[in-house]
Amino acid sequence: MKFVKNFNNNAALVSDKAGVDWVVIGNGIGFGKKVGDPIDENKISRRFVAVEKNIKMIDSVRDIDQRTLTLTTAVINLASQKLQITFSDYEFLVLADHIDFMLTRATGNIELGQDTLGWEMKKIFPKEYGTAQEALRLMKEKTKLDFPQSEAAYLTYHFINAGSGQTKLQDTIKITKLIKGVIDIIQYQYGMQLDTESFNFNRFMTHLRAFMVRHMCGESDQDSGSELDHSLIELMKVKYKKAYDTVQKIGTYLYKQAGWQLQPDDQVYLTLHVWRVTHRQKDAQSQKN
């Protein structure tokens, strides 16, 4: 690989034998290099195809240092193993920028305070949040710095984003807020706190998340449910009346907040999930009593 351009001491634009341009990251990778100089490939810790968005992102994080890059790689390795997710080149750079700011805050004893959705993140995305807590412990061990627990919520956003395919970070935050709103509606309608540790709750969260990701990615089918037997909807109205009525309120909420229209099959599946997550919880509580 030949040196083309320096972004900073730890990031450079290079070209391989086939003439493909790459952004490479590594400790001192571009220091003192001139155009055409060979690059020590043993120093490369991460490489990206030099598409425009990667170059722009590198340019915006040009002050990133090797400690940040090492920590980012360690955190991504942990999350990839625990959550079975893959970080794109762009997501790597975004996370590196975030971790660099985390280090700045920790060094200066600056705490932003608990994210307003911290509790919801822990309950709605327990695996991602748990992994974020592990990541904080790993970073503390490697840097000897103290990171407040509030940082776990912010790392959770990045992990969810990496595992959500085409969704962007801001979409992930929006999904989290929408799910919180749906949970609030159900709890208000039933006058109960849902058991966030239950199997049925976790199944419901998986369904809701997939439903919302489809809408975020524009994959919802406007004709969805056109083949659905309308007698099934009528059955839902009668057999699961309270759950069905609750889903209608959820539909109104999602339309007002996101402009999403619940299709017939959405209503059927949501009604069944709402009934299951509330009815079976009540049954379990009755058996305990």
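The structure this text deals with has already been given above.
Thresholds, definitions, all that
Residues numbered from 1 in each chain as written. Predicted model: local features only at pLDDT ≥ 70, side-chain atom pairs only at ≥ 80, totals over all residues. Heavy atoms only, no water. Helix = DSSP H or I, 4+ residues; strand = E, 2+ residues; numbered from the N terminus. Contact = heavy atoms within 4.5 Å. Areas by Shrake-Rupley, 256 points an atom, 1.4 Å probe, with all protein chains shown as cover. Pairing = 2+ DSSP bridges. Axes fitted to C-alpha atoms, helices over the stretch in contact; angles between N-to-C directions. Salt bridge = Lys/Arg side-chain N within 4 Å of Asp/Glu carboxyl O. Buried < 20%, exposed > 50% of the residue type's maximum accessible area, 1.4 Å probe, protein only.

Caption draft 1: How the structure looks around the overall build of the protein. Broken down by element type, the protein carries eleven helices and four strands. Counted over contacts in the protein with a minimum sequence separation of 6, partners at least 24 positions apart contribute 68%. Accessible area for the protein stands at about 15400 Å²; split by element, carbon and sulfur atoms hold 48% of it.

Caption draft 2: Quick peek at the sheet that holds strand S3 (residues 21-25). Taken together, the four strands give an open sheet; going across it, the order is S1-S2-S3-S4, and neighbouring strands pair in antiparallel fashion. Every interior strand has two partners, whereas the edge strands, strand S1 (2-8) and strand S4 (46-49), have only one. Taken pair by pair, the neighbouring strands of this sheet meet at an average axis angle of 25°, ignoring direction. Sheet analysis places S1 next to strand S2 (residues 11-15), joined by five bridges and oriented antiparallel. Residue pairing in the sheet places Asn 8 in a bridge with Ala 11 of S2. Each of S3 and S4 touches helix H3 (residues 89-107); the most contacted strand, S4, lies at about 130° to it.

Caption draft 3: How the structure looks around the environment of Ala 152. Here Ala 152 shows up in helix H6 (residues 150-162). Sequence-wise, Ala 152 and Thr 131 are 21 residues apart; in three dimensions their C-alpha atoms are separated by 8.6 Å. Ala 152 has contacts with Tyr 129, Ala 132, Gln 133 and Leu 136, leaving out every residue within four places of it along the chain.

Caption draft 4: Local environment of the pattern of salt bridges. Evaluation of the coordinates by the stated rule reveals seven salt bridges. When the shortest N-O distance is used, the salt bridge between Glu 134 and Lys 82 registers 3.7 Å. With Glu 134 in helix H5 (residues 126-143) and Lys 82 in helix H2 (residues 66-83), this residue pair connects regions lying 52 residues apart in the sequence. Judged by its relative accessible area of 27%, Glu 134 is partly exposed. Salt-bridge contacts for Asp 146 lead to Lys 140; the nearest nitrogen and oxygen are separated by 3.3 Å. Look at Lys 140 and you get partly exposed, because its relative accessible area is 43%.

Function cannot be read off these values alone, since they describe shape.
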